[in-house]
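# Working through the structure, step by step
So you can see what is in the structure, the chains are spelled out below.
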Amino acid sequence: ESVNFQEGLEVIGEATFANTHIHNLILPNTLESVDYLAFAFCNNLTSVTLNDGLVALYATSFGYNKSLTEIVIPQSVTYFPNNAISNHTAGLVIKGYTGTVAEDVANAFLYSLSTRQLQYRSALGSYYYALAIPDHSHDAPGTCHLCLYV
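A brief look at the structure comes next. (Residues numbered from 1 in each chain as written. Predicted model: local features only at pLDDT ≥ 70, side-chain atom pairs only at ≥ 80, totals over all residues. Heavy atoms only, no water.)

### Remarks on the packing of aromatic side chains
To be explicit about the condition: In this analysis, rings of Phe, Tyr and Trp, with Trp reduced to its six-membered ring, are considered paired at centre separations within 6.5 Å, and the interplanar angle assigns stacked below 30 degrees, edge-to-face beyond 60, and tilted for intermediate values. The helix and strand labels rest on DSSP assignments: H or I over at least four residues marks a helix, E over at least two residues marks a strand, and numbering proceeds from the N terminus. Partly exposed residues are those whose accessible area sits between 20% and 50% of the maximum for their type, while under 20% is buried and over 50% is exposed, using a 1.4 Å probe and protein chains only.
Scanning the model with the defined rule gives seven aromatic pairs in all. Ring plane angle 80° and centroid distance 6.3 Å describe the contact between F5 and F39, whose orientation is recorded as edge-to-face. Taken together, the residues F5 in the loop between β1 (2-4) and β2 (11-12) and F39 in the loop between β4 (33-34) and β5 (47-49) connect sequence positions 34 residues apart. Judged on exposure class, the residue F5 and its partner F39 are both buried. Pairing Y36 with Y58 gives two aromatic rings, centres 5.5 Å apart and planes at 40°, and the pair type is tilted. Pair noted here: Y36 is in the loop between β4 and β5 and Y58 is in the loop between β6 (56-57) and β7 (70-72), with a separation of 22 residues, a long-range link. With a relative accessible area of 39%, Y36 lands in the partly exposed category. One aromatic cluster is present, built from ring pairs that chain together F5, F17, F39 and F62.

Structure below.
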């Protein structure tokens, strides 16, 4: 299932698409915020490129997506809590620009995890962190040392 949002949309509300079979998102440039749990538990969603112009994501807006392997955070984002993309995937790549919220998000994940890979793409002045998280599951998610909980 693919969702192509129309220009003019400014907010995606709380839990609007939670627990759906979305695998692809095309976000409009007019989108300014993504609310709590908006795309949580969308286990077919593997990659998210947030639109330039987006300002805020809220807690677990893209949380608990077991297949999420990449998220691209534009420079326009100024609010992105650490748990906006909480997940249990085998690896997550956070892409963005140094000196922005994207770097803060990546550093928060690096702080909570022991494995990292940092690569620079000098042509764009951007960076990305590839975070290796072993596959795992557990009955007490709040106690897992590999998962980020804020």
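### Things to note about the pattern of salt bridges
Note on pairing: side chains with opposite charge can pair once their charged atoms come close. As a reminder, the rule being used: Any carboxyl oxygen of Asp or Glu within 4 Å of a side-chain nitrogen of Lys or Arg constitutes a salt bridge here.
Scanning the entire structure with this criterion turns up one salt bridge. A salt bridge links K95 to E70; its shortest N-O distance comes to 3.2 Å. Taken together, the positions of K95 in strand β8 (residues 91-97) and E70 in strand β7 put the pair 25 residues apart, joining distant regions of the chain.

### A short note on the side chain of N65
The condition is simple: Identification of polar contacts relies on pairs of N or O atoms within 3.5 Å, with a donor-acceptor requirement for protein atoms, meaning one able to donate a hydrogen and the other able to accept it, and with residues adjacent in sequence counted only if both atoms are side-chain atoms.
With respect to the secondary-structure elements, N65 resides in the loop between β6 and β7. By relative accessible area, N65 is classed as buried at 0%. Among the polar contacts made by the side chain of N65, one reaches the main-chain carbonyl oxygen of F62 at a distance of 2.9 Å.

### Some thoughts on the sheet that holds β2
Defined as follows: A strand pair is defined by DSSP finding two or more bridges across the two strands.
Taken together, the three strands give an open sheet; going across it, the order is β2-β4-β6, and neighbouring strands pair in parallel fashion. Pairing within the sheet leaves two strands with one partner each, and these edge strands are β2 and β6. Pairing geometry for β2 and β4, over two bridges, is parallel. Within the sheet, the bridge partner assigned to I12 lies in β4 and is V34.

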